[in-house]
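Chain and residue survey
Take a look at the letters that make up each chain.
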Amino acid sequence: LSLKLPQLLRVHQVPRVFWEDGIMSGYRRPTSSALDCVLSSFQMTNETVNIWTHFLPTWFPELESPGLSKVLRTAAFAYPFLFDNLPLFYRLGLCWDRTHSCGQEALSSSHGYHLLCAMLTGFLFASHLPERLAPGRFDYIGHSHQLFHICAVLGTHFQLEAVLADMGSRRAWLATQEPPLGLQGTVATLGLAVAGNLLIIAAFTASLLRVPGMCPLLQGGPADGGSQAKEQ
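Keep in mind it's a predicted model, so treat the numbers as computed, not measured. (Residues numbered from 1 in each chain as written. Predicted model: local features only at pLDDT ≥ 70, side-chain atom pairs only at ≥ 80, totals over all residues. Heavy atoms only, no water.)

1. Some thoughts on the overall build of the protein
Of regular secondary structure, the protein possesses eight helices and zero strands. Counting the 232 residues in the protein, one finds 30% classified as buried. Of the contacts made within the protein by residues no fewer than 6 positions apart, 61% connect residues no fewer than 24 positions apart. (Helix = DSSP H or I, 4+ residues; strand = E, 2+ residues; numbered from the N terminus. Buried < 20%, exposed > 50% of the residue type's maximum accessible area, 1.4 Å probe, protein only. Contact = heavy atoms within 4.5 Å.)

2. Description of the packing of aromatic side chains
This model, assessed by the stated rule, comprises two aromatic pairs. Centre to centre, the rings of Tyr113 and Phe158 are 5.1 Å apart; their planes meet at 50°, and the pair counts as tilted. Within this pair, whereas Tyr113 is found in helix 5 (residues 109–127), its partner Phe158 is found in helix 6 (residues 144–177), the two being separated by 45 residues in sequence. (Phe/Tyr/Trp six-rings, centres within 6.5 Å; stacked < 30°, edge-to-face > 60°.)

3. A short note on the UniProt feature "binding site: Zn(2+)" (unreviewed entry) in the protein
Under the feature "binding site: Zn(2+)" (unreviewed entry), the UniProt entry names His145 and His149. With respect to the helices and strands, His145 occurs in helix 6. Looking at where His149 falls in the secondary structure, it is placed in helix 6. (UniProt positions renumbered as here; feature names shortened; annotations may be inferred.)

4. Notes on helix 6
Arg171 marks the point of greatest bend in helix 6, at about 70°. Burial in helix 6 covers these residues: Ser144, His145, Gln146, Phe148, His149, Cys151, Ala152, Gly155, Gln159, Ala162 and Asp166. (Bend = angle between axes of the 7 residues up to and from the residue.)

5. A look at the layout of surface pockets
In this model, the second largest pocket occupies a volume close to 490 Å³. Lining of the second largest pocket is provided by 15 residues; of these, Pro87, Arg91, Val163, Asp166 and Met167 occupy positions nearest its centre. For the lining of the second largest pocket, the secondary structure elements donating two or more residues are helix 4 (66–96), helix 5 and helix 6. At eight residues, helix 6 tops the list of elements feeding residues into the lining of the second largest pocket. Residues that form the lining of the second largest pocket fall into these classes: six nonpolar, four polar and five charged. (1 Å grid on protein atoms, 1.4 Å probe; cavity = no way out; pocket = protein on both sides within 12 Å on 5 of 7 lines; lining within 4 Å. Points joined across faces, edges and corners; volume = space filled by probe spheres on them. Nonpolar A, V, L, I, M, F, W, Y, C, P; charged D, E, K, R; others polar.)

6. Describing the side chain of Asp139
For Asp139, the location among the structural elements is in the loop between helix 5 and helix 6. Buried charge without a salt bridge: Asp139, with Arg10 as the nearest opposite-charge side chain at an N-O distance of 5.5 Å. Within the structure, Asp139 has its side chain in polar contact with the side chain of Ser25 (distance 2.5 Å). Discounting residues that sit within four places of it in the chain, Asp139 has contacts with Gly22, Ile23, Met24, Ser25 and Asn46. (Lys, Arg positive; Asp, Glu negative; His and termini not counted. Salt bridge = Lys/Arg side-chain N within 4 Å of Asp/Glu carboxyl O. Polar contact = N/O pair within 3.5 Å; in protein donor to acceptor, adjacent residues only side chain to side chain.)

7. Here we look at a nonpolar patch on the surface
Residues Leu190, Val194, Leu198 and Ile201 make up a contiguous nonpolar surface patch of about 390 Å² in total accessible area. Position of Leu190 relative to the elements: it lies in helix 7 (residues 182–210). Overall, the relative accessible area of 57% leaves Leu190 in the exposed class. (Patch = residues over 30% accessible without salt bridge, like charges linked within 9 Å, V, L, I, M, F, W, Y side chains within 5 Å. Areas by Shrake-Rupley, 256 points an atom, 1.4 Å probe, with all protein chains shown as cover.)

8. Description of helix 5
Taking 1.5 Å per residue as the helical rise, helix 5 with its 19 residues ought to reach 27 Å, and the 27 Å between its terminal C-alpha atoms agrees with that figure. Inspection of helix 5 places Ser110, His111, His114, Cys117, Thr121, Leu124, Phe125 and Ser127 among the buried residues, and these make up the whole buried set. At the exit of helix 5 stands His128, carrying a positive phi of roughly 55°. (Expected span 1.5 Å × (residues − 1).)

9. Considering the environment of Asn50
Tracing the backbone through its elements, the reader meets Asn50 in helix 2 (residues 48–53). Between the C-alpha atom of Asn50 and that of His145, which follows or precedes it by 95 residues, the distance is 7.0 Å.

10. Some words on the packing of helix 5 against helix 6
Packing of helix 5 against helix 6 leaves a shortest axis separation of 8 Å and a crossing angle of 160°. The pairing of helix 5 with helix 6 is recorded here as roughly antiparallel in orientation. When the axes of helix 5 and helix 6 are compared, the crossing they make is left-handed. For the pair helix 5 and helix 6, the contacting residues are Ser110, His111, Tyr113, His114, Cys117, Leu120, Thr121, Leu124 and Phe125 in the first and Ser144, Leu147, Phe148, Cys151, Ala152, Leu154, Gly155, Phe158, Gln159, Glu161, Ala162 and Asp166 in the second. Residues belonging to the contact of helix 5 with helix 6 are distributed by class as follows: twelve nonpolar, seven polar and two charged. (Axes fitted to C-alpha atoms, helices over the stretch in contact; angles between N-to-C directions. Parallel < 35°, antiparallel > 145°, perpendicular 65-115°, else oblique. Left-handed = near helix turned anticlockwise from the far one by under 90°.)

11. Focus: the confidence of the model for the protein
Within the protein, residue pLDDT values average 76, and 73% of them lie at 70 or more. Within the protein, the element-level pLDDT minimum falls on helix 8 (residues 221–231), averaging 44, and the maximum on helix 5, averaging 86. (pLDDT = per-residue confidence, 0-100.)

Here it is, written out as structure tokens:
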């Protein structure tokens, strides 16, 4: 109960690499301790909604290479979207000229909602709206990063609904094409997915423990970030 919440900074008090278009306040200190990071999850900052809607560490790649970080984050959404929707795009291609049988499942409403949410997610991520139109007004609630997280979550929900609808309508056909996966195959697939995620977490954790004091972007703290901002 005696712990104090971390002090929040304005945009000119942090290094330029951490600036977000149109977000003027609510920044956390780049050199925050582990305790400060945990406490800030329960404090209203410009990242609080993002943390709770997408609880994954993404700040280390930003420190190493901001441009590469944005490419990787974009690819993290684009790749699974394209991979997961290739079967749908193929089926829609077959249905386009109606030369093949085209069931209602190929054009279900869940697929449409998923595609709409995916397009909104990409648009919000690239446009930085609405904070670009009114800098400072959406620092804590309503900026594009929060909205694109919400659209991504909704898109995932509609995607799962579409997959369940497809499985239900095509179960008999699928059963004739491939043998059932079974318990062992399911456990093995789940184990590979968990192992892959643990390897990713271990790699990033090792990097965070090894180089936080060596990163040039964090040298000097907020004061240097402010002086750099004034020079620019």
